[in-house]
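What follows is the residue order along each chain.
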Amino acid sequence: MADWLRPEEWTALRLSLLVAATATAGSLLPGIAVAYLLARGRFWGKSILDMLVHLPLILPPVVTGYLLLIGLGRRGPIGAFLAEHFGIVLSFRWTGAALASAIMGFPLLVRAIRLSIEAVDRKLEAAAGTLGASPAWVFAAVTLPLILPGIIVGLILAFAKAMGEFGATITFVSNIPGETQTLPSAIYTFTQIPGGEAGALRLTLVSIAVSVAALVVSEALARGVARRLAA
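Our subject in this report is the structure included herewith.

Definitions and cut-offs
- By convention here, each chain's residues receive numbers from 1 onward along its written sequence.
- Two thresholds apply to this predicted model, a pLDDT of at least 70 for residue-level local features and 80 or more for giving and counting side-chain atom pairs, whereas whole-chain, interface and lining totals are computed over all residues.
- With hydrogens and water excluded, all non-hydrogen atoms of the structure serve as input to the side-chain values.
- We count a stretch as a helix when DSSP gives it H or I for four or more residues in a row; a strand needs E for two or more, and each element gets its number in order from the N terminus.
- Partly exposed residues are those whose accessible area sits between 20% and 50% of the maximum for their type, while under 20% is buried and over 50% is exposed, using a 1.4 Å probe and protein chains only.
- To count toward a patch, a residue needs a relative accessible area over 30% and no salt bridge; like charges are then connected within 9 Å, while nonpolar side chains (Val, Leu, Ile, Met, Phe, Trp, Tyr) are connected within 5 Å.
- Accessible surface is estimated by sampling points in the Shrake-Rupley manner with a 1.4 Å probe; for residues, cover comes only from the protein chains shown.
- Any carboxyl oxygen of Asp or Glu within 4 Å of a side-chain nitrogen of Lys or Arg constitutes a salt bridge here.
- Side-chain atoms within 4.5 Å link the members of a nonpolar core, which is a set of buried Ala, Val, Leu, Ile, Met, Phe, Trp, Tyr and Cys residues.

Description of the overall build of the protein
In terms of helices and strands, the protein carries 10 helices and 0 strands. Across the protein, helices and strands are ordered from the amino to the carboxyl terminus as α-α-α-α-α-α-α-α-α-α. When its C-alpha atoms are laid out on the principal axes, the protein stretches across 70 × 45 × 30 Å. A burial count over the protein gives 42% of its 231 residues as buried.

Okay, here's the thing in structure tokens:
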């Protein structure tokens with residue numbers, strides 16, 4: 001693939017993989033926690049939390065990116081604080097692209113895990129509890145293995161969403177080659193320049209291949225885990 005793609009196209013692909021992997025890994029533990037709260041929790045504000053989690057799916061991605069920019073940009077209240085006290089700058093950096101991608105893929109991750117938690121037979125958890133197991137041990141030894149297929153599916157969906165994210169990313173971190181130019185941004189750039197059709201087509205084919213591979217791997221892993229649990 002390195003011979004087929006030009007150096008700048010290969011850079012965009014590697015950056016996209018880095019951004020998507022970082023976004024997905026960073027979303028895993030918060031995704032499990034939020035999914036568990038929404039599936040099992042009974043507290044004031046649950047509907048508000050549910051709305052906030054799924055809001056990125058409803059809002060135009062550009063709006064999400066703009067909110068990140070005004071909040072986490074260098075002049076934003078949170079961004080200025082992070083830059084001044086911790087030296088952390090997210091806007092116009094690849095780490096900001098990872099954050100934007102994580103936010104856009106988070107609802108897909110949470111939904112997949114939440115559905116898996118809601119499908120767990122709570123009698124199995126109750127049985128483990130009667131044997132003296134603590135709630136944390138019940139979750140680790142009983143609940144977590146049962147929801148593993150949902151976690152895998154959620155991770156793959158979040159990864160694929162991060163790979164294809166464009167609106168929120170380009171609004172928050174712009175389209176800087178080698179720094180924030182991911183596959184979708186590079187495709188957009190190619191469509192705006194004369195003679196860029198070939199490059200846009202190459203990256204489009206790469207994006208399709210990555211997305212299809214993600215879905216195939218997701219299905220295979222989920223089925224494999226389900227068979228092991230049923231055995």
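Continuing now.
Focus: a nonpolar patch on the surface
Taken together, the side chains of Trp 4, Leu 201, Leu 205, Ile 208, Val 212 and Val 216 present a nonpolar region at the surface, about 580 Å² in accessible area. Looking at where Trp 4 falls in the secondary structure, it is placed in the segment before α1 (7-40).

Describing the nonpolar core
Judged by nonpolar contacts, the single largest core of 16 residues is most densely connected at Leu 5, Leu 13, Met 163, Leu 183, Leu 203 and Val 206. Taken together, the elements giving at least two residues each to this core come down to α1, α7 (135-164), α9 (183-191) and α10 (197-230). Ranked by size, the runner-up nonpolar core spans 15 residues in total, among them Ile 113, Val 120, Ile 151 and Ala 158.

Side note on the environment of Val 62
In this fold, Val 62 is placed in helix α3 (residues 61-72). With relative accessibility at 46%, the residue Val 62 sits in the partly exposed group. With 104 residues separating them in the primary sequence, Val 62 and Phe 166 have C-alpha atoms 8.6 Å apart.

Considering the pattern of salt bridges
Tallying each qualifying case throughout the model produces 4 salt bridges. Here Arg 40 makes a salt bridge to Glu 125, at a shortest N to O gap of 3.1 Å. Linking Arg 40 in helix α1 with Glu 125 in helix α6 (residues 122-130), this pair joins segments that are 85 residues apart in sequence. In this structure, Arg 114 and Asp 50 form a salt bridge, with 3.4 Å as the shortest nitrogen-oxygen distance. Of this pair, Arg 114 sits in helix α5 (residues 94-119) while Asp 50 sits in helix α2 (residues 46-58), placing them 64 residues apart in sequence. It is possible to trace a salt-bridge network through shared partners that takes in Asp 50, Arg 114 and Glu 118.

Spatial relationships are all this shows, so hold off on functional conclusions.
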